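Here is how the chains run, residue by residue.
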Amino acid sequence: MAEQIYALIGKAMKKVGAIGKDSTATNMSGKQMYKFRGIDAVYNALNPVMSELGLFICPEVLEQTREERKSSNGGNLIYSILKIKFTMYAPDGSNVSCVVIGEGMDSGDKASKKAMSIALKYACFELFMIPTE
């Protein structure tokens, strides 16, 4: 049986298209700081295509480093660095993997979740070569 994963990634690349920097980050006073592509934009672009083609991704955290840092106002921040292996599977079981580093910082319990999201976002950008425009 021929491996589907390579052909299906190529089909997905054609279907996904560009994901522009359509979100705007603002500071505490509401001033616009910069434009970005968030993980939600990646999910919204990839989910219908991957569902149609039968592709799915499984993450595996290979390493985790966490440390506490002080914020500019003196509070505590948790800084998390994750080394994650993402494996994409096709319906026939064929797969490809990539290893990505994700970093996240949060004052609560979401530092690792942020690190996972950023790692997945960039793994998808690289795997599918998603253009910005």
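For the structure itself, consult the block above.
Each chain has its residues counted from 1, following the order in which its sequence is written. Confidence filtering applies because this is a predicted model: local features only for residues at pLDDT of at least 70, side-chain atom pairs given and counted only at 80 or more, and all residues used for totals across whole chains, interfaces and linings. No hydrogens and no water enter the side-chain calculation; it runs on all heavy atoms of the structure.

Draft legend 1. Representation of the environment of M50. Topologically, M50 is positioned in helix α2 (residues 39–53). Among the residues examined, M50 registers a relative accessible area of 10% and is labelled buried. Note on contacts: a residue pair qualifies if any of its non-hydrogen atoms lie within 4.5 Å across the two residues. Aside from chain neighbours lying at most four places away, what touches M50 is L55, F56, I57, M88 and F128. Secondary structure elements are taken from DSSP: a helix is a run of H or I of four residues or more, a strand is a run of E of two residues or more, and numbering for both begins at the N terminus. A simple rule labels every residue: compare its accessible area, found with a 1.4 Å probe on the protein chains alone, to the largest value its type can have, and call it buried under 20%, exposed over 50%, or partly exposed in between.

Draft legend 2. Here's a closer look at the side chain of T87. Turning to its location among the elements, T87 is positioned in strand β4 (residues 76–89). Polar contact criterion, stated in full: a pair of N or O atoms within 3.5 Å, where within protein one must be able to donate a hydrogen and the other to accept it, and residues adjacent in sequence count only if both atoms are side-chain atoms. Of the polar contacts made by the side chain of T87, one reaches the side chain of S97; its length is 2.8 Å. Residue contacts for T87: discarding those within four places in its chain leaves F56, I57, C58, N95, V96 and S97.

Draft legend 3. View of the pattern of salt bridges. For this document, the term salt bridge refers to a Lys or Arg side-chain nitrogen within 4 Å of an Asp or Glu carboxyl oxygen. Considering all chains together, one arrives at 5 salt bridges under this definition. Between D106 and K114 there is a salt bridge whose closest N-O contact spans 2.8 Å. When its relative accessible area of 38% is taken as the criterion, K114 is described as partly exposed. Residues D109 and K110 are paired through a salt bridge, measuring 3.1 Å at the closest nitrogen-oxygen approach. Taking relative accessible area as the criterion, D109 reaches 51% and is therefore assigned exposed.

Draft legend 4. Expanded view of a nonpolar patch on the surface. Patch membership is restricted to residues that have no salt bridge and whose relative accessible area is over 30%. Joining uses 9 Å for like charges and 5 Å for the nonpolar side chains Val, Leu, Ile, Met, Phe, Trp and Tyr. Surface accessibility in these figures is a Shrake-Rupley result with a 1.4 Å probe; residues are shielded only by whichever protein chains are displayed. Side chains of M33, Y34 and F36 sit close together on the surface and give an oily, nonpolar patch of about 320 Å² of accessible area. Its place among the elements puts M33 in strand β2 (residues 32–36).

Draft legend 5. Focus on the pairing of strand β3 (residues 56–70). When DSSP locates at least two bridges between a pair of strands, those strands are taken to pair. Bridge count between β3 and β4: 14 bridges; the pairing is antiparallel. Looking at the pairing, R66 lines up with S80 of β4. Between β3 and β4, which pair antiparallel one after the other, the connecting turn spans 5 residues, and G74 there sits at a positive phi close to 90°.

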